[in-house]
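Survey of secondary and tertiary structure
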Amino acid sequence: MPWKLAINGLLPYLNWLICILIASDNIISSATGIQQGDPLGPLLFAMAIDGVARSIASPFNICYLDDATLGGSIEAVAADLFRVIPSLSLLGLEINSSKSEIINLNYSADDFESAIRDIRLILEDIKITPKEELHILGSPVFPMAIRECLDTKHVILTRMTEKLRQIDTHAALFLLKNCFSLPSFLYTFRSAPCYLEQDFLNEIDITVKRFAELICNVNFDDTGWRQAMLPLSFGGLDLRSAVDLAFPVYLSSLSSSHELIDEILGGSPQCFSGSSFEPACSVWIQELLSLPH
C-alpha cells in the first residue's frame, strides 16, 4: 500500500514530464558558436582573436575579450583599423561602429575634425566621447568623469533602496548592506580616485544612513551611526562608509596592480605617468603623520 501511494503521488509529475517531452518535438541543435554561459567561452574567444590583437601596432593597445582600446596618432590607429577589420571578418567577427567611441586627448579642434572624417570612412557610426565622459570597462579614466559616474550610481542606489521598504525588513537590510550600498560603488572606488570627491562621498553616506533608518525604523545619532558602520564582528551593521573606504581601497588596488600595469603597458617606466598614484601616496602619508601618536 505505501508503494502504491508513492506511485500515485508521482503520477502528476510523470504526466507533466511526458507532456514536456511530447511537446519538444522540434529540437534546435547547436550549429555554430559557443554556448551561452559556457565557462570556456571567454578563453576560446580570446584564443581566436589573439593573433589579431597582437598584430595591432598602435602604441596603446589594450584588449579585454571583445572590448578593445587603441591609442596613438590618427595615422597609426587608422592603419590598424584597415588591417584588423578584414582579419576579424575572416573569424566571422565585425566591429560594431555604433558602439565605438573616439576620444580626443591632445589634438587641436581642426586636426580632430580632420581625424574624425578619416575614421568615419572606416567606422561611419562611431561617436565622439568627451574626456569628461570617458570610461574604460565601466571605470572613469579622468578625474572630471568621476562625479558623473558616482552620480549615476547614486541615482540607482536611491531608486533601488526606495523599493526596499516594500519587502521584509531583514531582507531589505541584507540587500542594502550587501548589494545596493557600498558594494555597488566598490569597483569604481578601486579603479578611480573617487576620494577626490569628498562632498559627493558624504552624500552617498547620508543616503545610506537615511534608508537604513527607514528600514530599521530608528534614528541614528552620530555615535549610533558610527557603530552601525562597524563590521558585524564588532557589533555594527556593516554599513561601511564611502568616505572612509574610497581612499584606502583605491590606493591598495593601485599599489597591488603596479606590476601588472607595468607588464600590460610594455614595461615602460612611465606607466604611472600622469596618474594620481604619487599624489595619492603623498596624501596617505600626510594622513598617517597627522594621526595622534
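Each remark here, short or long, concerns the structure printed above.
Cut-offs and rules
Residues numbered from 1 in each chain as written. Predicted model: local features only at pLDDT ≥ 70, side-chain atom pairs only at ≥ 80, totals over all residues. Heavy atoms only, no water. Patch = residues over 30% accessible without salt bridge, like charges linked within 9 Å, V, L, I, M, F, W, Y side chains within 5 Å. Areas by Shrake-Rupley, 256 points an atom, 1.4 Å probe, with all protein chains shown as cover. Salt bridge = Lys/Arg side-chain N within 4 Å of Asp/Glu carboxyl O. Helix = DSSP H or I, 4+ residues; strand = E, 2+ residues; numbered from the N terminus. Axes fitted to C-alpha atoms, helices over the stretch in contact; angles between N-to-C directions. Parallel < 35°, antiparallel > 145°, perpendicular 65-115°, else oblique. Contact = heavy atoms within 4.5 Å. Nonpolar A, V, L, I, M, F, W, Y, C, P; charged D, E, K, R; others polar. Polar contact = N/O pair within 3.5 Å; in protein donor to acceptor, adjacent residues only side chain to side chain. Buried < 20%, exposed > 50% of the residue type's maximum accessible area, 1.4 Å probe, protein only.

**A word on a nonpolar patch on the surface**
A contiguous nonpolar patch, built from Leu40, Leu43, Leu44 and Met47 and spanning about 390 Å² of accessible area, is present on the exposed surface. Here Met47 shows up in helix α2 (residues 41-54).

**Points about the packing of helix α8 (residues 198-216) against helix α10 (residues 242-256)**
Packed helices, taken two at a time, are described by the angle between their axes plus the distance between the axes. The geometry of α8 relative to α10 is characterised by a closest axis approach of 8 Å and an angle of 130 degrees between their N-to-C directions. Comparing their axes, α10 and α8 come out oblique. Mapping the contact onto sequence places Gln198, Leu201, Asn202, Ile204 and Asp205 in α8 and Ala242, Val243 and Ala246 in α10. Residue composition of the contact of α8 with α10, grouped by class: 5 nonpolar, 2 polar and 1 charged.

**Digging into the side chain of Ser241**
Here Ser241 is to be found in the loop between α9 (222-228) and α10. A polar atom in the side chain of Ser241 sits 2.7 Å from the side chain of Asp205. A distance of 3.2 Å separates a polar atom in the side chain of Ser241 from the backbone nitrogen of Val243. Once residues lying within four places of it in the same chain are set aside, the contact partners of Ser241 are Leu182, Asp205 and Met229.

**A word on the environment of Arg83**
One can find Arg83 in helix α3 (residues 74-90). We classify Arg83 as partly exposed; its relative accessible area is 35%. C-alpha separation for the pair Arg83 and Ile56, spaced 27 residues apart in sequence, amounts to 8.3 Å. Not counting chain neighbours up to four residues away, the residues in contact with Arg83 comprise Ser55, Ile56 and Ala57.

**Examining the pattern of salt bridges**
Counted by the stated rule, this structure contains 4 salt bridges. Residues Arg54 and Asp50 are paired through a salt bridge, measuring 2.9 Å at the closest nitrogen-oxygen approach. In this pair, Arg54 and Asp50 are both assigned in helix α2, 4 residues apart and thus about one turn of the helix distant. Assessed through its relative accessible area of 66%, Arg54 is described here as exposed.

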